Amino acid sequence: MSARDQHGQLGLVLVDRGVTTAGGKKLGDARDVEVRRVGHAEKPGTFVPLPVAWRVEVAHGRLLGQRRLARSFKNTLESASGWLQVACLAVVLKAAVAPAATLRRRRRSTR
């Protein structure tokens, strides 16, 4: 998750406990953003979703169906960004078309 300031610039980056404090500081200094680590202070015994991070996990789960994201062999930021945009567009289009397809199937089954 991120917050943008009034000039449209990225101002806050939330990272999980997998990012070290030193790594977060390095990222913040390099990109001139505030980096805030989120997570549980202790490891809970059962799954407890984080208030903000669960949205990111849901998005990652939806994008896992896009095999091309894992198969980008160029290893460049531009390639990864491009394939991520294609995958996001595919998810949005599928969600937009799915209700219409469901409605057509229902109409056929009632005939």
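Residues numbered from 1 in each chain as written. Predicted model: local features only at pLDDT ≥ 70, side-chain atom pairs only at ≥ 80, totals over all residues. Heavy atoms only, no water.

Visitor: Help me understand the overall build of the protein, please; the structure alone is not making it clear to me.
Guide: Counting its secondary structure elements, the protein contains three helices and three strands. Within the protein, the fraction of its 111 residues that count as buried is 11%. Considering only contacts in the protein between residues 6 or more positions apart, those separated by 24 or more positions represent 19%. For the protein, the accessible area works out to roughly 9,500 Å², and carbon and sulfur atoms hold 58% of it. (Helix = DSSP H or I, 4+ residues; strand = E, 2+ residues; numbered from the N terminus. Buried < 20%, exposed > 50% of the residue type's maximum accessible area, 1.4 Å probe, protein only. Contact = heavy atoms within 4.5 Å. Areas by Shrake-Rupley, 256 points an atom, 1.4 Å probe, with all protein chains shown as cover.)

Visitor: Teacher, can you tell me more about the environment of T21 here?
Guide: Here T21 shows up in helix 1 (residues 21–31). For the pair T21 and R37, spaced 16 residues apart in sequence, the C-alpha separation works out to 7.9 Å.

Visitor: What's the story with the pattern of salt bridges in this structure? I'm lost.
Guide: Where side chains of opposite charge bring their charged atoms close, a pairing between them can arise. Under the counting rule described, the total for this entry stands at two salt bridges. Residue K25 pairs with D29 through a salt bridge whose shortest N-O separation is 3.0 Å. On the criterion of helical spacing, the pair formed by K25 and D29 is a turn pair, its members being four residues apart in helix 1. In this pair, the class of K25 matches that of D29, namely exposed. For E34, the salt bridge goes to R36, with nearest N and O atoms at 3.0 Å. Since its relative accessible area comes to 41%, E34 is described here as partly exposed. (Salt bridge = Lys/Arg side-chain N within 4 Å of Asp/Glu carboxyl O.)

Visitor: Please explain unusual backbone geometry as it appears in this structure.
Guide: Across the chain, the bulk of peptide bonds are trans and the bulk of non-glycine residues have phi less than zero. Positive phi, close to 55°, is recorded for D32, a residue that is not glycine. Checked against the element boundaries, D32 lands in the loop between helix 1 and strand 3 (34–37). By relative accessible area, which is 69% here, D32 ends up exposed.

Geometric values such as these leave the question of function open.
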